[in-house]
Amino acid sequence: MKRTIIIFSVVVALLLTLPLGAQRRKNQITTSGSTTVLPIAQAAAEAYMDKYPNINISVRGGGSGVGVAALQNGTVDIANSSRPMKSKEIASCKSKGINPSAYAIANDGIAMVVHPSNTVTNLSVAQIRDIYTAKIKNWNQVGGPNMPIVIISRDVASGTFEVFNEKALKGGKVDGTAQMLASNNAVVTTVASTPGAIGYAGLGYVNKDIKVIKVANVMPTEDTVKNASYPLSRKLYMFTSGKAKGEIGKFIAFIQSDEGQELVKKQGFISLK
Amino acid sequence: MKSLKWIVPALAAIIFVMPVFSFAQELRVGGELWNRWTYQTGKSGNDTVTKKNSFALERGYFDLRPKFSESTSGRFTVDMFSTDSQKDGAGLKLKYGFIDFKDLIPIKDMTFTAGLQKVYFGTIYDWDYTLIGKAPTDEYKVATSADYGLTLNGQLPAGFGEYAVGVYNGEGYKAYGKNLNISPEFLGNVRVVPIAGVTLGGSFMTNSVDADDAPTYQKQVLMDGMARLAYGPVDVWMEYIYKDVEFPNVAGGVSDYTANGFMVMPIISLRSLIDYDIQLIGRYDRWDATDDAADKHLLNAITGGVNYNFMHDAKANPKMQLQLNLVQKAYDEDESAAGYANKAKDTTTVMMQLKYKFDNTIK
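The residue numbers shown here count from 1 along each chain, following its written sequence. Both sets of labels track the order of writing: A upward for chains, 1 upward for ligands. In view of the model being predicted, local features appear only for residues whose pLDDT reaches at least 70, and side-chain atom pairs are presented and counted only at 80 or more, with totals across whole chains, interfaces and linings using the full set of residues. With hydrogens and water stripped out, all remaining heavy atoms of the structure feed into the side-chain values.

Engineer: Looking at this model, I keep getting lost on the overall build of chain A. Mind explaining?
Structural biologist: Of regular secondary structure, chain A possesses 10 helices and 10 strands. Considering only C-alpha atoms, chain A reaches an extent of 80 × 50 × 30 Å along its principal axes. Counting over 273 residues, chain A shows a buried share of 55%. Put simply, of all contacts in chain A between residues at least 6 apart along the chain, 73% involve residues at least 24 apart. The convention is simple: Lys and Arg are positive, Asp and Glu are negative, and His and the chain ends are not counted. To locate a charge, take atom NZ for lysine, CZ for arginine, CG for aspartate or CD for glutamate. Put simply, chain A has 31 plus and 17 minus side-chain charges, and the middle of one group is 8 Å from the middle of the other. Strands here mean DSSP runs of E at least two residues long; helices mean DSSP runs of H or I at least four residues long; both are numbered from the N terminus. Buried residues are those whose accessible area, probed at 1.4 Å on protein chains only, stays under 20% of the maximum for their type, while exposed residues exceed 50% and partly exposed ones sit between those limits. Here a residue-residue contact requires only that any non-hydrogen atoms of the pair lie within 4.5 Å.

As C-alpha cells, then:
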C-alpha cells in the first residue's frame, strides 16, 4: 500500500511540475466560431486594439458549432455564430455552469449567388429547395440556359448552412452531388469559376466575380434584410458566458456602437440600426 | 423471447445495412485508443502482494458515422482490445450500430434511434471517463452502456434539458441470445437544467416477466437519480442507484434482493488558472450489492486522479490525454470471513493511461 501511494505521489508531482511558471495572459479576449462573422470580428478587433493598445484580441474561425463548443469548454470568451444557439447547446452550456448570453451584432442576408454569365435573375424558395435536392437539374427548368446545375453548399458545421437548411431547404436533403465547402470564401470562389454553379454566402462575401439573384422576387438589400422581407435574412451573434462584463462587455458594446456598426457596413453586412 | 420476434429481425436488418456507407452524403471516420498500465496490490493471507502489473490496450474504438441526409445519420463502432481470453491476445466487440432519424416524428429536436445504441440510464450514456473508472451503473453491473433497442430521445425546449424513452433487448451489447433477462426492457430518462450550473436527472428501467422462462430469469426494477453542480472550475457529479431483483420462478422469494449505492465525484479544472489543461478529480463510491445479511458485499471505493489534456480538437475537447488514477477498494466485512464479499478482496490500484482520439470527415 505504502509503495503504491509513493508511486502515485511521485507521478502526480511530476505532472504538476509541467505547467509551473505558466500564467494566463491578462487583457486578452479570445473569440472563435462562424466564418461569416469572422470579417466583422477581425475588423472590430483591429479597430478596438488600435484604440486600446493594452488589449489583445484573438479571432479564429472554424464554424458556429466550433465557437459554441469552445465557449462551453471555457477556452474562448466569445463564440461567434451566424445562427441562434440550439436547445442542445444551451443545455450543454448550462449544465457546465455557463449561462449563454446572446448579443446581436449585425444583420445579414444569405445571398444566392450564380456565375455572372447565368441569365437567371430570380428563384423562388421552392425552386431553390428543388435545385438543392436535385429535383431541378438544369438551368433551363427555371428559365435559364441549357446547362447542368452544379450545386455548391456549405459544410454542415456551418451556421450559414443551418439557417439555409431551415429557411430554404426546410429539412430537405442536399443532393449527394453537391460540393460541401468549408467557408464562404470557398463558395464564392468556386461559383465564380464554374458557369453552371449555384451557391450561397453571407452578404459580406459578395463580390463582382459572382452574381446575386433575387429570392421570391426580393433582392437582399439593407431594407429587405432589416424588415425581414428577404426570405433568407438573419442576425449574426456573439455569445458570452453570462452577461458580458469588463473588457469583453466593452468590446461587444463597441461593435454595437455607431462606430462598430460602420465597420459592419464596411465589411458588406447590414447594420443593426 | 416470443415478444422479440419482430424486434430482432428488424434490428438485424438495420445493422447489416449499416456497412452500405457508399450511400452516405458524409462519412466521418474516428477512433479512440486507451493504452493503460495497471499496477494492483492486495492481500494474500497476511501479506500484501502484487496482483497485477500489466500494459494493455483497454479500448480501441473504430468509429464510422455516415450521414445519409440532414435528418438521417448512423454510427457503427467496434471495440478492439487486449485480452488474455483469446489466444491472439486481442478481442473484438460490436459497440454501436444504429441509425438516427430526426424528422420521422414531427416534434422539434426529437430523434428516433434504432439499433445497437446508448442506454439512456443514469450517467452511463454521457460518462466521458474523466476518471479511468466506469460509470457507477456500469461498474456495478446495474446497466450496460449499450444495448439493442428503439428509443425516442431529444431536447426539452429552450435548453431546459433532455429526455429519452425506449425499449431495449435488455441483455446489453456484450451478450445476445443468452437466457438472461431476454424480455424487452423499458426505459424512461429525464434530465433538467433549471438554472445554469444545476442539473438534475432521473432514470427508470424495468423488464417484463414471462413466468415460463428459465428459473434464472430475473425481473429487475432499476432507478437512478443524478445531480450535477458546476460553478467556475468546480464540477461535482452525484448519483444514487437503486436495484430491485425478483426471481419469479424461485419459490418463496428467497433469492430476491435489493441493492443500492451512490457516488460523488468532484472535478476541479485548472485550465482557467494556468495555461495548461489539467484536471484534479476525486471520487467516492459506496455500493451495497445485496441487502442479504448472509452475503454482505458493502464496498467503499475512493479514487484520486489527475488528467493532463495536452492536445485538443477544434472544439477544445481533449484529443490526447494522460490520466493517472489511484483507486482503493475496501469491503466493510472482516476479510477472514469465508464468504467475504463474494471472494472479492480489498485492493489498491494505480493506473496510468494515455488516451487519444481522431476524427475526420473523409467524404
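Past the structure itself, the notes keep going.
Engineer: Mind showing me how you'd approach the layout of surface pockets here?
Structural biologist: Here the idea is plain: a probe the size of a water molecule rolls over the atoms and shows the empty space left. All names here are of chain B. The space that makes up the second largest pocket amounts to roughly 1400 Å³. Using a grid of 1 Å spacing that covers the protein atoms alone, one calls a set of points a cavity when a 1.4 Å probe fits there but cannot get out, and a pocket when the set is open and has protein on both sides within 12 Å along at least five of seven lines; lining residues are those with an atom within 4 Å of a point. Considering the residues around the second largest pocket, the lining is formed by 50 residues, among which Gln40, Lys134, Glu139, Lys141 and Lys329 are closest to the centre. Elements with a minimum of two residues in the lining of the second largest pocket: strand E1 (26-44), strand E2 (47-67), strand E3 (72-82), helix H2 (136-139), strand E13 (277-288), strand E14 (298-312), strand E15 (318-331) and strand E16 (347-361). Among the elements that take part in the lining of the second largest pocket, E2 stands out by supplying six residues, more than any other. Residues are grouped as follows: nonpolar covers Ala, Val, Leu, Ile, Met, Phe, Trp, Tyr, Cys and Pro; charged covers Asp, Glu, Lys and Arg; every other residue, Gly included, is treated as polar. Classifying every residue of the lining of the second largest pocket gives 17 nonpolar, 15 polar and 18 charged. Grid points are joined across faces, edges and corners, and a volume is the space filled by probe spheres set on the points.

Engineer: What's the story with the packing of helix H5 (residues 125-132) of chain A against helix H6 (residues 159-169) of chain A in this structure? I'm lost.
Structural biologist: For any two helices packed against each other, the geometry is given by the interaxial angle and the distance between the axes. Residues and elements named next belong to chain A. Working convention: axes come from line fits to C-alpha atoms, limited for helices to the stretch in contact. Angles between N-to-C directions cover 0 to 180 degrees. Two numbers describe how H5 lies on H6: the axes approach to 9 Å, and their chain directions differ by 120°. Classified by the angle between their axes, H5 and H6 sit oblique to one another. On the side of H5, the interface is formed by Val125, Ile128, Arg129 and Tyr132, while H6 contributes Phe164, Lys167, Ala168 and Leu169. Among the residues forming the contact of H5 with H6, the class breakdown is six nonpolar, no polar and two charged. Any angle between 65 and 115 degrees counts as roughly perpendicular, while under 35 counts as roughly parallel, over 145 as roughly antiparallel, and the rest as oblique.

Engineer: Where do I start with a nonpolar patch on the surface in this structure?
Structural biologist: Judged by side-chain polarity, B:Phe62, B:Met80, B:Leu92 and B:Phe358 come together as a nonpolar surface patch covering roughly 370 Å² of accessible area. Position of B:Met80 relative to the elements: it lies in strand E3. Here a patch means residues that are over 30% exposed by relative accessible area and free of salt bridges, tied together within 9 Å if like-charged and within 5 Å if nonpolar (Val, Leu, Ile, Met, Phe, Trp, Tyr). The method behind every accessible area is Shrake-Rupley, applied with a 1.4 Å probe, and residues are considered shielded solely by the protein chains displayed. A pairing counts as a salt bridge when a side-chain nitrogen of Lys or Arg comes within 4 Å of a carboxyl oxygen of Asp or Glu.

Engineer: What should I look at first to understand the environment of A:Lys235 in this one?
Structural biologist: All names here are of chain A. Take Lys235: it is sitting in strand E10 (residues 233-241). Considered as a pair, Lys235 and Ile105 are 130 residues apart in the sequence and their alpha carbons are 7.6 Å apart. As used in this structure description, the phrase polar contact means that two N or O atoms lie within 3.5 Å; if the pair is within protein, one of them must be able to donate a hydrogen and the other to accept it, and residues adjacent in sequence are counted only when both atoms belong to side chains. Polar side-chain contacts of Lys235 include one of 3.0 Å to the side chain of Asn107.

Engineer: Which parts of the structure should I look at to understand the interface of chain B and chain A?
Structural biologist: Interface size is often expressed as the accessible area that is lost when the parts come together. Listed per partner, the contact involves 53 residues of chain B and 39 residues of chain A. At the junction of chain B with chain A, the criterion picks out eight residue pairs in polar contact (both at pLDDT 80 or more). A class-by-class count of the residues in the side of chain B that touches chain A yields 27 nonpolar, 17 polar and nine charged.

Engineer: Would you mind showing me how to read the pairing of E10(A) here?
Structural biologist: Two faces, one strand: in a regular strand the side chains alternate between the faces of the sheet. Residues and elements named next belong to chain A. Counting buried positions along E10 gives seven out of nine residues, so the element sits mostly inside the fold. As defined by bridge partners, strand E3 (residues 78-81) adjoins E10 across four bridges and the pair is classed as antiparallel. By the bridge assignment, Ile78 is partnered in E10 with Thr240. With nine bridges joining them, strand E4 (residues 100-114) and E10 adopt antiparallel strand pairing. The residue of E10 that forms the bridge with Ala102 is Phe239. Here, any two strands with at least 2 DSSP bridges between them count as paired.

Engineer: When you look at helix H4 (residues 87-95) of chain A in this model, what are you seeing that I'm missing?
Structural biologist: Note on helix geometry: an α-helix contains 3.6 residues per turn, so any two residues three or four positions apart are oriented the same way. Among the residues of H4(A), A:Ser87, A:Glu89, A:Ala91, A:Cys93, A:Lys94 and A:Ser95 are the ones counted as buried. A:Gly97, located one to two residues past H4(A), shows a positive phi value of around 85°.

Engineer: Please clarify how the pattern of salt bridges should be interpreted in this entry.
Structural biologist: Residue and element names in this part refer to chain A. Under the definition given, this model contains 21 salt bridges over all chains. One salt bridge connects Lys51 with Glu259, and the closest N-O pair in it is separated by 2.8 Å. Here the residue Lys51 occupies a position in helix H2 (residues 38-51), and Glu259 occupies one in helix H10 (residues 258-266), the gap between them amounting to 208 residues. Exposure remark for Lys51: the relative accessible area of 41% places this residue in the partly exposed category.

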